[in-house]
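Breakdown of the fold
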Amino acid sequence: RCCVRPPMPWFGMDIGGTLTKLIYFEPKDRTAQEAEEEKETIKVIHSYLIGNVAYGKTGIRDVHLEMCNQTIGGRTGSLHFIRFPTCEMSAFIDLAKVKNFSSLATGICATGGGAYKFEEEFKQRVNLSMYKFDELDCLIKGIHYIDRHNLSECYYWKNPGDPDTCEKVPFDFHDPYPYLVVNVGSGVSILAVRAYNDYKRVSGTSLGGGTFFGLCCLLTNCDTFEEAIALASKGDNTKVDKRVKDIYGGDYNRFHLPGDIVASSFGQMHLKDKREQSSREDLARATLTTITNNIGSIARMCAVTEKIERVVFVGNFLRVNTISMKLLAFAMEFWSDGAMKALFLEHEGYFGAMGCMMEYIS
Ligand code: ADP
């Protein structure tokens with residue numbers, strides 16, 4: 001057994017602007033002797049993580065994403081995926097203190113902006129250093145690891161414009177290059193990946209998942225992302241937006257613009273009666289459509305500039321959000337005349353944390 005690997009427990013943490021993602025590797029190949037010698041603290045942390053699916057008021061283990069039988073750094077075990085709001089970091093540090101984490105390790109592996117922002121607080125309150133890794137390096141590493149080790153990771157939406165026949169279909173991504181990654185977190189980063197070790201950040205926008213969630217809270221008074229998505233799923237954006245046909249009375253044929261597409265997002269809201277007729281659900285749907293179409297449009301321009309046809313959308317904005325996935329899939333296909341394909345990955349927002357763990361172990 002390789003002795004240069006860092007001691008257990010193995011974690012990877014991605015401290016984002018909205019959510020903190022934590023991956024825990026649970027070794028399943030311990031010898032009887034190893035199990036016997038294992039420190040009490042490891043046992044306590046292990047049984048706390050594995051024995052629960054919710055932690056405190058806001059921590060969640062995404063059990064459906066668990067990956068079994070993974071061999072990493074010469075060890076075989078399971079990967080567990082946990083998330084909590086970054087605004088609860090203080091409670092997480094308290095937990096690390098209570099569970100006596102600093103008796104096991106001198107530091108914690110982290111990526112994302114929070115690895116910098118919270119470095120001092122971790123040092124002062126629990127005497128843990130931050131081993132920091134770049135978030136985009138981690139994102140790409142994580143995508144490569146998870147995609148290669150989970151057969152059903154990558155998929156696309158077939159017939160995204162037709163609710164009756166639209167379905168999720170697995171996509172064989174084993175020969176991936178080149179591809180574009182559109183990471184929709186609080187904000188958006190767009191990367192062009194040409195080979196295992198060759199990527200660049202080509203663009204980004206501040207109008208991202210955080211913008212959708214923030215505007216939705218303002219407009220509908222909702223409290224959670226799940227509620228925002230549930231409202232949007234019952235709403236109708238055409239009560240809020242101005243479509244081509246609201247302006248032309250039909251299609252704008254000369255430039256092949258169908259009457260049903262949005263010409264002006266929120267374009268009816270300057271009218272008092274239209275405002276009064278639009279519900280919270282309609283406003284949520286219009287906000288989701290606006291942000292999603294803008295991201296789709298920037299992604300498509302990047303794909304054209306970079307001469308890339310496969311576009312992989314990741315990030316937690318797509319969590320429980322099939323509306324946006326189908327919209328993106330439809331928009332990419334429609335505006336490129338079928339040349340471009342929108343792809344999605346099951347582990348959505350966890351790639352940075354995964355790559356962070358890989359950086360630590362390898
Ligand atoms: P970041 O690293 O910037 O935190 P993520 O990839 O974790 O980015 O995505 C954050 C976005 O995911 C939020 O802006 C919101 O749109 C969406 N989201 C999905 N689930 C949640 C949740 N439970 N709480 C808050 N935001 C969520």
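Refer to the structure presented above.
Conventions and cut-offs
- Residues numbered from 1 in each chain as written.
- Predicted model: local features only at pLDDT ≥ 70, side-chain atom pairs only at ≥ 80, totals over all residues.
- Heavy atoms only, no water.
- Helix = DSSP H or I, 4+ residues; strand = E, 2+ residues; numbered from the N terminus.
- Buried < 20%, exposed > 50% of the residue type's maximum accessible area, 1.4 Å probe, protein only.
- Contact = heavy atoms within 4.5 Å.
- Areas by Shrake-Rupley, 256 points an atom, 1.4 Å probe, with all protein chains shown as cover.
- Lys, Arg positive; Asp, Glu negative; His and termini not counted.
- Charge placed at Lys NZ, Arg CZ, Asp CG, Glu CD.
- Polar contact = N/O pair within 3.5 Å; in protein donor to acceptor, adjacent residues only side chain to side chain.
- Near = heavy atom within 4 Å.
- Nonpolar A, V, L, I, M, F, W, Y, C, P; charged D, E, K, R; others polar.
- Salt bridge = Lys/Arg side-chain N within 4 Å of Asp/Glu carboxyl O.
- Patch = residues over 30% accessible without salt bridge, like charges linked within 9 Å, V, L, I, M, F, W, Y side chains within 5 Å.
- Pairing = 2+ DSSP bridges.
- Axes fitted to C-alpha atoms, helices over the stretch in contact; angles between N-to-C directions.
- Parallel < 35°, antiparallel > 145°, perpendicular 65-115°, else oblique.
- Core = buried A, V, L, I, M, F, W, Y, C linked by side-chain atoms within 4.5 Å.

Considering the overall build of the protein chain
In terms of regular secondary structure, the protein chain is built from 13 helices and 17 strands. The C-alpha extent of the protein chain, read off along each of the three principal axes, is 75 × 45 × 35 Å. Here the protein chain holds 362 residues, and the buried ones make up 49% of them. In the protein chain, 66% of the contacts between residues at least 6 apart in sequence involve partners at least 24 apart. A total accessible area of about 17,400 Å² is found for the protein chain, and carbon and sulfur atoms account for 52% of it. Within the protein chain, one finds 41 positive and 45 negative side-chain charges whose respective centroids are separated by 2 Å.

Side note on the environment of Arg61
If you trace the backbone, Arg61 turns up in strand β4 (residues 59–61). Under the relative-accessibility criterion, Arg61 is labelled buried at 9%. Between the C-alpha atoms of Arg61 and Glu281, which are 220 residues apart in sequence, the distance is 29 Å. When sequence neighbours within four positions are dropped, the list of residues in contact with Arg61 reads Leu49, Ile50, Asn52, Val53, Tyr55, Glu66, His80, Phe81 and Ile82. There is a polar contact of 2.8 Å between the side chain of Arg61 and the backbone oxygen of Asn52.

Some remarks on the site of the ligand
Lining the immediate environment of the ligand, one finds 17 residues, of which Thr18, Leu19, Lys21, Ser186 and Arg319 sit closest. With respect to the ligand, the backbone of Leu19 contributes an N or O atom lying 2.9 Å from an oxygen atom. A distance of 3.0 Å separates an oxygen atom of the ligand from a polar backbone atom of Gly210. Here the ligand has 570 Å² of accessible area as a free molecule, and 89% of this is covered by the chains. Where the shell around the ligand is concerned, the elements lending two or more residues are β2 (19–27), α7 (209–220) and α8 (225–234). Looking at which element gives the most residues to the shell around the ligand, the answer is α7, with three residues. For the shell around the ligand, the residue count by class is four nonpolar, nine polar and four charged.

Brief notes about the pattern of salt bridges
Two side chains that carry opposite charge are able to pair once their charged atoms sit near each other. Tallied over the full model, the rule gives 21 salt bridges. Across the salt bridge formed by Arg125 and Asp94, the nearest N and O atoms sit 2.3 Å from each other. Note that Arg125 is positioned in helix α5 (residues 119–126) and Asp94 in helix α3 (residues 89–98), a separation of 31 residues in sequence. You can call Arg125 partly exposed: its relative accessible area is 27%. A salt bridge links Lys200 to Glu306; its shortest N-O distance comes to 3.6 Å.

As for a nonpolar patch on the surface
On the surface, a nonpolar cluster with roughly 290 Å² of combined accessible area is contributed by Leu215, Leu218 and Leu219. Inspection of the secondary structure puts Leu215 in helix α7.

What to know about the sheet that holds strand β9 (residues 154–158)
Taken in spatial order, the seven strands line up as β10-β9-β17-β16-β11-β12-β13 in an open sheet, and their pairing is mixed. Whereas interior strands pair on both sides, the edge strands pair on one side only; in this sheet they are β10 (167–170) and β13 (198–205). The sheet shows a mean angle of 30° between the axes of neighbouring strands, taken without regard to direction. Sheet topology note: the strand β11 (residues 179–184)/strand β12 (residues 188–195) ladder contains six bridges and is antiparallel. Considered in β12, the bridge of Asn183 is made with Ser189.

Examining unusual backbone geometry
Of the consecutive residues Met8 and Pro9, the connecting peptide bond is found in the cis state with omega at 0°. Looking at the element boundaries, Pro9 is found in the segment before β1 (10–15). Between Tyr177 and the following residue, Pro178, the backbone shows a cis peptide bond with an omega angle of -10°. Phi is positive for His256, which is not a glycine, with a value near 55°. Within the fold, His256 resides in the loop between α9 (244–248) and β15 (262–264).

As for the environment of Ile229
Note on placement: Ile229 falls in helix α8. A relative accessible area of 7% places Ile229 in the buried class. Once the C-alpha coordinates of Ile229 and Thr322 are considered, the two residues, 93 residues apart in sequence, prove to be 9.4 Å apart.

Topic: the packing of α8 against helix α11 (residues 280–306)
Remark: α8 packs on α11, axes separated minimally by 7 Å, with the N-to-C direction vectors making an angle of 100°. With respect to α11, the axis of α8 lies roughly perpendicular. From α8, Glu227, Ala228, Ile229, Leu231, Ala232, Ser233 and Lys234 reach across to α11, where they touch Arg280, Glu281, Ala284, Arg285 and Leu288. Here the contact of α8 with α11 is built from residues that sort into six nonpolar, one polar and five charged.

Regarding the nonpolar core
Leu79, Phe122, Val181 and Met354 are the most contacted members of the largest nonpolar core, which has 62 residues in total. For Phe122, the contacting residues outside a window of four places in its chain are Met13, Met89, Phe92, Ile93, Ile108, Asn127, Leu128 and Met130. Among the nonpolar cores identified, the runner-up in size contains 38 residues, and Leu231, Ile295, Phe313 and Met332 belong to it.

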